[in-house]
Amino acid sequence: MQDAARNPAAPPSPGSPTPPDDAVARRLEQRVGWLTAISMVVMVAILAGGAATLLQERQEAWHRAEREAGNLVVALERDIARNFHYLDLSLQGAAAAMVQPGLNAATPEVRHMALFDRAVTAQYLGSILVLDAAGQVRESSVPPRLPGLGFGDRDYFAAHRAEPDLGLYVSRPYRSRLRGGDASIALSRRLDRADGGFDGVVMGALRLAYFHDLFTRLDLGLNGAVSFFGTDGRLIVRHPWRESDFDRDLSRAPTVQYMVSRPAGSFVGTATTDGIHRLFFFRRVGDLPLVVSVSLATEQIYAAWWRRALIFGPLLALLCAAVAGLGLVFRREMLRRLAAERALAGLAQRLSTLAATDGLTGLANRRQFDEALAEAWRRAGAGPEPRPEMGPQAGPQAGPQVGAKEGRGLALLLVDVDCFKAYNDRYGHQEGDRILRAIAAAIGLTAKRQGDLAARYGGEEFAVLLPAAGPEMAASLAEALRSRVHALDLPHADAPAGRVTISIGVAALPPGVPAPGAAARLVAAADAALYAAKRDGRDRVALAGALQAA
């Protein structure tokens, strides 16, 4: 059995909804895909831009720390070098006065003025002492004189005694014997006799409190540090200060070894004193064997950056997630909409098919046939045609005067099952339905051309519409259909032939017939031919005469 709704030869019902075009649907899906891709690109761009901004801020934080630490170490070096220079000038003045003739014969006041009149005075400067060759105090800038007090055991005294050309010497840290153990360092120069022999030392004390005060005023952040040490690796002072750091030997520390081997520079390393990872900037103090370093904890360099990143990062991630989520939701909703539209169009098509299909035979129903007849006539070149009514009384209706000179003709078969009422009365309606389905299947196997339409016309009657077919072709197809049903050999005790047979009326509308009423005359002619076939004994094909202008 052939379903007219699924028959490729059956034309669709005019005005029936059709599924969305696959090419259009594909284009829409592509656009949805592109929009989704664009949203993903926007998300990636936002993420990349935010990451680049955070990375740039991180680099700027590091460069800012480098600038600050570099500027600090230069400022410290200049301050320390300036104070050392002033103290050294005082020492040189005292050494020059010691070789002036008649100094020993002068009064104590005159001698003090000659030795220490040019000596600098400051809060953190201790006394300036002149020591003899045995290390005893000969002169002091701070009264009273302390006869018998010796400093021959100090490292600066031993260094000058051993090295005639030592120049300015900076001692290791020591506890002062004049100021109750106050931590200090000494700057000293050698005194020579006229013959070049060792005649003692002139020294000036500088309290370590000067460095503590200077370094404490610096804001280096958490775990920042300032160190001041000699090139021999001996720590002079450090901030933050611990008692264990006093005169501490750091000569084996990798960081110190690196700094004492260069005049200035920077690097990142781990401090030996506390094990903290830091950025170091260091600089040699003038021409002296001293190094000052400023170090910032790398963790603190990025502390402010981390605080901003922990705020900006989640916001950036939230924005990216929102963009991605909106893109995916948009894609999902658009795809759902497309799927829903396809489903609705498919459902509408199925409903339209069901509305145009006969439920028993699967062929087109009467409504579908009427619409297909008008459409077939329009395609044949005769323009739109109103729905015809069966019977001789159906006359032409007013319509546009369109000719069929360019048409292809149209043929119609009207099929009736012979003695069908008697079959139903004898065999029952269920068997009658089976006979109708069998004949419908035979019609479907016969009308197989592209554009042919088989329909249940009403009751036991069928109609076969044959576009672009002349009377000979239509009659041949009708005979083939009659023979196919005859060959089914379906028993019918009340039929003349003893089996189920059909009668067929054939009418053909050739090209050139005027349009008004042509389709109606086609149906009427086929109907008349059908009655003629039945009148002539049934189980036969009757061809109507040629249709002419009305």
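What you are looking at is a predicted structure, and each value in this text was computed from that prediction instead of being measured.

Basis of the calculations
Residues numbered from 1 in each chain as written. Predicted model: local features only at pLDDT ≥ 70, side-chain atom pairs only at ≥ 80, totals over all residues. Heavy atoms only, no water. 1 Å grid on protein atoms, 1.4 Å probe; cavity = no way out; pocket = protein on both sides within 12 Å on 5 of 7 lines; lining within 4 Å. Points joined across faces, edges and corners; volume = space filled by probe spheres on them. Helix = DSSP H or I, 4+ residues; strand = E, 2+ residues; numbered from the N terminus. Nonpolar A, V, L, I, M, F, W, Y, C, P; charged D, E, K, R; others polar. Salt bridge = Lys/Arg side-chain N within 4 Å of Asp/Glu carboxyl O. Buried < 20%, exposed > 50% of the residue type's maximum accessible area, 1.4 Å probe, protein only. Axes fitted to C-alpha atoms, helices over the stretch in contact; angles between N-to-C directions. Parallel < 35°, antiparallel > 145°, perpendicular 65-115°, else oblique. Contact = heavy atoms within 4.5 Å. Arc of directions from axis to C-beta.

Caption draft 1: Local environment of empty space enclosed by the protein. Applying the stated rule across the entire model yields three cavities of 30 Å³ or more. For the largest cavity, the lining is made up of 16 residues, of which Ser227, Thr255, Ala271, Thr273 and Phe280 are closest to its centre. For the lining of the largest cavity, the elements supplying multiple residues, two or more each, are β7 (225–230), α5 (254–260), β10 (277–284) and β11 (290–297). When the residues that make up the lining of the largest cavity are grouped by side-chain class, the tally is eight nonpolar, six polar and two charged. The computed volume of the second largest cavity comes to approximately 70 Å³. Every residue lining the second largest cavity is listed: Ser127, Leu129, Phe151, Arg154, Tyr156, Tyr174, Ser176, Arg177, Leu178, Arg179, Met203 and Ala205.

Caption draft 2: Spatial organisation of the pattern of salt bridges. Taken as a whole, this structure holds 33 salt bridges when the rule is applied. As a salt-bridge pair, Asp88 and Arg189 come within 2.6 Å of each other at their nearest N and O atoms. Of this pair, Asp88 sits in helix α1 (residues 22–98) while Arg189 is found in strand β5 (residues 183–192), placing the two residues 101 residues apart along the sequence. For Asp88, a relative accessible area of 8% corresponds to the buried category. Residue Arg189 is classed as partly exposed on the basis of its relative accessible area, which comes to 22%. A network of salt bridges, in which partner residues are shared, links Arg172, Arg234 and Asp247.

Caption draft 3: Geometry of the packing of helix α9 (residues 420–427) against helix α10 (residues 429–446). Where α9 meets α10, the axes come as close as 7 Å, and the angle between the chain directions of the two elements is 135°. The orientation of α9 with respect to α10, classified from their angle, is oblique. Residues Phe420, Tyr423, Asn424 and Tyr427 of α9 lie in contact with α10, whose contacting residues are His429, Glu431, Gly432, Arg434, Ile435 and Leu436. For the contact of α9 with α10, the class distribution of residues is five nonpolar, three polar and two charged.

Caption draft 4: The arrangement of α9 in detail. Within the span of α9, buried status applies to Phe420, Tyr423 and Asn424. For α9, the arc enclosing every buried residue in end-on projection is 100°, short of the 170-degree limit, so these residues lie on one face. Residues of α9 that are exposed and angled more than 90 degrees away from the buried face: Lys421 and Asp425. Buried residues along α9 sit in contact with β12 (410–417) and α10. Positive phi shows up at Gly428, right after α9, with a value of about 95°.

So yeah, pure geometry; function would need other evidence.
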